[in-house]
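So the chains spell out like this:
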Amino acid sequence: MNRRLLSEAKLWLVAIPVLLWTLIPIYHIFLFSISTKDSAFSGRLWPDHPTLRNFGTVFKQEHFYLHHFWNQIWNSLWIAVAAGAITLAIATCAAFAISRLKVRGGRTVMNAALFTYFIPAAFLAVPMYKAMGTYGLLNSRWSLVLAMVTIAAPYAIWVLKQASDKLPWELDEAARIDGATPMQLFRLVYLPLMVPSLVAIFTYALLLTWNEYLYAFLLLSHENTIPLAVGLGHFLASDDSPWEILMATALIYGLPPAAIYYAFRRYMVGGLTSGAVKA
Amino acid sequence: MATVVFDSIFKSFGSTKVLHGISLDIADGEFMVLVGPSGCGKSTLLRMLAGLEDITGGEIAIDGRVVNDLDSKDRDIAMVFQSYALYPHLTVADNMGFSLRLRNDSKARIEDRVAHAARILNLQSYLHRYPRELSGGQRQRVAMGRAIVRDPKVFLFDEPLSNLDAKLRVAMRAEIKALHQRLKTTTVYVTHDQVEAMTMADRIAVMNDGRIEQLGRPLELYDQPANLFVAQFIGSPAMNVFDGVYKNNSIEALGARWPVPPGTSAREGQSVKYGIRPVHFDFGSGIDSEVVVVEPMGAETELVVKIGGQSLTIATHGRSSAAPGDRISLAPNAKHAHLFDATSGLRL
């Protein structure tokens, strides 16, 4: 009994700081977003006159920095979904070809995929900018989509390959004997069985892109093409930033990922860890 | 319905040779069992017939047509796997009809064929379930249903009963045999279990180390094993084998004289292996032995006895009053004894 109490106490000792570490900034954002401009920096734990007016300002685009709010959040969504979908398509085909069809050079591709993570994203920023410029894609949402696909795809291929390796090999053999062509095997057997991993990878790429700042800032500069993450950054351009409105926007910006993660949490845990270790 | 011909089949994985020139003719409608210890190449041979492994050398023909370069799907075969290999996301009916769906058969025809197979296998009430909702035996039946639905030229079974418990295995054994008697489709069945081989086969090919040691009807293998390996592999409990020397028309072994089987080709002074099955002993005047273990099994009793320091197994019908430590006298039945060359292991 004492021992159980002790181990539980140890657990709390870790859990409480972690919880505070995570929640305090979020509470801080929330606090700012419901405060008026005057009371934002009052230092109180709860504002005297909590208000939702900041959110109204955001939704109605009634601030200088928010004239393109709806446009920018749409950009964020568009880019994230496109990057997620393209990453998923590439990674699924690659994983199927390498894991199930055993194409030559599959191992090399896998190692190369892993190798890309030795190069930090910041290191690639300038070449990426140059490449996009060469193709005339700067200031097009596609530039960010393609950049994010190159970043997300190697990990996605790696995870999906590991997950496909776990599907019983006999299923492929049974399907081949049943008369399936590789395409039928892919469509009728492989895809349905991979659904949990596919959902996890799609969500991963989508959230990675949604949260991306560096490449978005670099590749897109027109107010109509930037995602909201970059739009939020613009708030800090002035000496007297409207913190309460920035935080309200940030809170709104943070909700979709939380919702997506919550909706697919079952797949996220199973899907991402299933490929996490090389069995 | 079809014949299957293996013509000097070789197989290597890299530098490892696993099959060394297997030739085997399987008749139309025959139930052929490939049996042998694990690693003997029996599954590889079956998978080559299925088109799941490349053929390193030799030719395989189904119904007179060489299939070496033919895809699995064009060989008109159906295979039942040890792990069942059912598609987990499809219902029993969809699993069974999968091959027909790939062939673009009409929906009505697929339903008709699936219903027909389900009737044969008693699966009608499970058609809408998923594999995870079935017991091991039911899954095995679905796997067989998937094969039946296609009405293939050849059925292939790769250790289909290994994952079932002992009781179910015996029941499924009878079911597969009954199925074969009903459909009369040429069948190649791989197992490591010699009891399965004995009870189900029309003919058995005993394999060891990438070669066929002997090919024959089950009782031929039991009565006339061609060599020591077959002698010890076929039959349960296993044959007693010990060293001896042929002298004066009998075998001197374990400090006793053992009767020689009629018609042997052994020469005077030749070193031999003497083999005799546990059931081929009579009690009475003969060789003196000491009882070590008594294993009553109801219908029969197995005794482990010591003769000249070596343990031998004796099986008797009915009960035995012997107890450990007793001395009993055994008379080996010469007609059922076997002599093998001590070095080559071949039957003499």
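Residues numbered from 1 in each chain as written. Chains lettered and ligands numbered in written order. Predicted model: local features only at pLDDT ≥ 70, side-chain atom pairs only at ≥ 80, totals over all residues. Heavy atoms only, no water.

### As for the packing of helix H2 (residues 92-102) of chain B against helix H4 (residues 136-149) of chain B
All names here are of chain B.
- Their axes nearest at 8 Å, the elements H2 and H4 cross at an angle of 30 degrees. The orientation of H2 with respect to H4, classified from their angle, is roughly parallel. Where H2 crosses over H4, the handedness of that crossing is right-handed. Across from Val92, Asn95, Met96 and Leu100 in H2, the residues of H4 making contact are Val142, Gly145, Arg146 and Val149.
- Residues of the contact of H2 with H4, tallied by class, amount to five nonpolar, two polar and one charged. (Axes fitted to C-alpha atoms, helices over the stretch in contact; angles between N-to-C directions. Helix = DSSP H or I, 4+ residues; strand = E, 2+ residues; numbered from the N terminus. Parallel < 35°, antiparallel > 145°, perpendicular 65-115°, else oblique. Left-handed = near helix turned anticlockwise from the far one by under 90°. Contact = heavy atoms within 4.5 Å. Nonpolar A, V, L, I, M, F, W, Y, C, P; charged D, E, K, R; others polar.)

### Considerations on the sheet that holds strand E13 (residues 256-259) of chain B
Residue and element names in this part refer to chain B.
- Ordered by their spatial adjacency, five strands build an open sheet running E13-E12-E11-E14-E19, and the pairing between neighbours is antiparallel. Either end of the sheet is taken by a strand with one partner, and the two such strands are E13 and strand E19 (338-341). For this sheet the average axis-to-axis angle between neighbouring strands, irrespective of direction, equals 45 degrees.
- With three bridges connecting them, strand E11 (residues 240-247) and strand E12 (residues 250-253) associate as antiparallel partners. (Pairing = 2+ DSSP bridges.)

### Section: the confidence of the model for chain A
Residues and elements named next belong to chain A.
- On average, residues of chain A score 88 in pLDDT, and 96% of them are at 70 or above.
- The least confident element of chain A, judged by mean pLDDT, is helix H12 (residues 265-274) at 66; the most confident is helix H3 (residues 69-100) at 95.
- Counting interchain partners and residues more than four positions distant, the pLDDT-below-50 stretch residues 275-279 has four contacts. (pLDDT = per-residue confidence, 0-100.)

### Describing the pattern of salt bridges
- Evaluation of the coordinates by the stated rule reveals 16 salt bridges over all chains.
- In this structure, Glu53 of chain B engages Arg47 of chain B in a salt bridge whose closest nitrogen and oxygen atoms are separated by 3.1 Å.
- Judged by relative accessible area, Glu53 of chain B falls into the buried class, the value being 18%.
- Between Asp243 of chain B and Lys273 of chain B there is a salt bridge whose closest N-O contact spans 3.0 Å. Here the residue Asp243 of chain B occupies a position in strand E11, and Lys273 of chain B occupies one in strand E14 (residues 271-276), the gap between them amounting to 30 residues.
- Among the ionic contacts, a cluster of salt bridges with common partners joins Glu173 of chain A together with Lys11, Arg47 and Glu53 of chain B. (Salt bridge = Lys/Arg side-chain N within 4 Å of Asp/Glu carboxyl O. Buried < 20%, exposed > 50% of the residue type's maximum accessible area, 1.4 Å probe, protein only.)

### Focus on the sheet that holds strand E15 (residues 281-296) of chain B
Residues and elements named next belong to chain B.
- Pairing is antiparallel across the open sheet formed by four strands, whose spatial order is E17-E16-E15-E18. Across the chains shown, the open sheet's two edge strands, defined by having one partner strand only, are strand E17 (310-317) and strand E18 (327-332). Here the strands of the sheet are splayed against their neighbours by 50 degrees on average, with no regard to which way each runs.
- Inspection of the sheet shows E15 paired to E18 by seven bridges, in the antiparallel sense. Of the residues in E18, the one forming a bridge with Glu290 is Arg327.

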